[in-house]
Amino acid sequence: MLVRLPRSVSEAQSCLAEGAVPVGGATLVWAGWQRDGFPEQAVSLRELPEAKVIGDGTLGSAVLLHEMDERVPEVLRKAAGGVGTGAVRRTATVGGNIVGSTLRCLLPAALVLDARAVVLEPDGPVETDLAELLAKRPLLLSLHWREPVASGYHKLTDQLRGEVPFVVAAAVGADAPVLRVAVRDGYDVLSETVPYDTDTSRVLRALALTPLGTLPEAVFEAVRDVVGGVVERAGAR
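Being a predicted model, the structure only gives us computed values, none of them experimental.

Observations regarding the pairing of strand β9 (residues 150-161)
Step number 1: Of the pairings in the sheet, the one linking β9 to strand β10 (residues 164-172) comprises nine bridges and is antiparallel in character. The residue bridging Lys-155 from the neighbouring strand is Val-167, located in β10.
Step number 2: As consecutive antiparallel partners, β9 and β10 are separated by two residues, and within that stretch Gly-162 has a phi angle of approximately 70°, a positive value.

Take a look at the structure:
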């Protein structure tokens, strides 16, 4: 198998046009290739500048999970820190986790940030929303968002849907007085937006009227804790 390492967007386009398969960090695809056979060509974005950016509201798809630090919001940093082992986080990429994984550990964090995706289409880079990214699964170049007022994240390792832990993410947006909450429930992610209020009880009552209110009590208790912390930090700014 030939692994190609484009250094420009035009080179990456050529790789895709010639049938190269995105490899991400290879933490997920390698086992499948060993089972089903390796493609003739794979493409990694680890040498592409546009896919290695981190900070100022941008996160490249080739950034490794262990590289995510104070340059990204707390919700993304904690989500990345909860993925697998240290060895996995030193290999797994943002793009591989969101587009190539069924768990999509970073997706709830990206949703509460109201992130947009830049993907590589045959005609060049195009901005799209996360729903279209997941539906079409194009090659992800980067995520972009406006810095939140406050954010938070919690992984419930003792609360499982099958073998999948629940996770809770929340953020108060900078562009509108709203609070976004996302919960990974099994392999699905529930996401809701309610008006932001400095009174946590009013925010929680609004959330309880959404599908999030039907979650198991232990999970909604985690929603209460995360939302309470985010509302408190947002009110202090």
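Having put the structure on the table, let's press on.
Observations concerning the pattern of salt bridges
Step number 1: A full pass over the atoms with the stated rule returns 14 salt bridges.
Step number 2: Salt-bridge contacts for Arg-7 lead to Glu-47; the nearest nitrogen and oxygen are separated by 3.7 Å. Separated by 40 residues along the polypeptide, Arg-7 in the loop between β1 (2-4) and α1 (9-17) and Glu-47 in the loop between β3 (41-43) and β4 (54-55) bring together distant segments of the chain.
Step number 3: Judged by relative accessible area, which is 56%, Arg-7 ranks as exposed.
Step number 4: Between Lys-78 and Glu-74 there is a salt bridge; the shortest N-O distance is 2.9 Å. Taken together, the residues Lys-78 and Glu-74, both in helix α3 (residues 74-81) and four residues apart, mark about one turn of the helix.
Step number 5: By relative accessible area, Lys-78 is classed as partly exposed at 43%.
Step number 6: Looking at Glu-74, the relative accessible area reads 22%, which means it is partly exposed.

Quick look at the sheet that holds β3
Step number 1: Taking strand neighbours across the sheet as the criterion, the three strands line up as β1-β3-β2 in an open arrangement whose pairing is parallel. Because the sheet does not close on itself, it has two edges, and the strands there are β1 and β2 (21-22).
Step number 2: Here β1 runs beside β3; their pairing, made up of three bridges, is parallel. Each bridged residue has a counterpart across the sheet, and for Leu-2 the counterpart in β3 is Gln-41.

Some points on the sheet that holds strand β6 (residues 116-121)
Step number 1: Ordered in space as β4-β5-β8-β6-β7, the five strands form an open sheet in which the pairing is antiparallel. The open sheet has two edge strands, β4 and β7 (124-129), and neither has a second partner.
Step number 2: Judged from the two bridges that link them, β4 and strand β5 (residues 58-60) form a sheet pairing that is antiparallel. Across the sheet, the residue bridging to Gly-55 is Thr-58, located in β5.
Step number 3: Sitting on the sheet, α1 is in contact with β6, β7 and β8 (139-144), with an inclination near 60° to β6.

Some words on helix α9 (residues 217-235)
Step number 1: Compared with the 27 Å implied by 1.5 Å per residue over 19 residues, the 26 Å span of α9 between its first and last C-alpha is a close match.
Step number 2: Within the span of α9, buried status applies to Val-219, Phe-220, Ala-222, Val-223, Val-226, Val-227, Gly-228, Gly-229, Val-230, Val-231 and Ala-234.
Step number 3: Turning to α9, the residues buried within the fold contact β9, β10, β11 (178-185) and α8 (200-208).

Conventions adopted
- Residues numbered from 1 in each chain as written.
- Predicted model: local features only at pLDDT ≥ 70, side-chain atom pairs only at ≥ 80, totals over all residues.
- Heavy atoms only, no water.
- Pairing = 2+ DSSP bridges.
- Helix = DSSP H or I, 4+ residues; strand = E, 2+ residues; numbered from the N terminus.
- Salt bridge = Lys/Arg side-chain N within 4 Å of Asp/Glu carboxyl O.
- Buried < 20%, exposed > 50% of the residue type's maximum accessible area, 1.4 Å probe, protein only.
- Contact = heavy atoms within 4.5 Å.
- Axes fitted to C-alpha atoms, helices over the stretch in contact; angles between N-to-C directions.
- Expected span 1.5 Å × (residues − 1).

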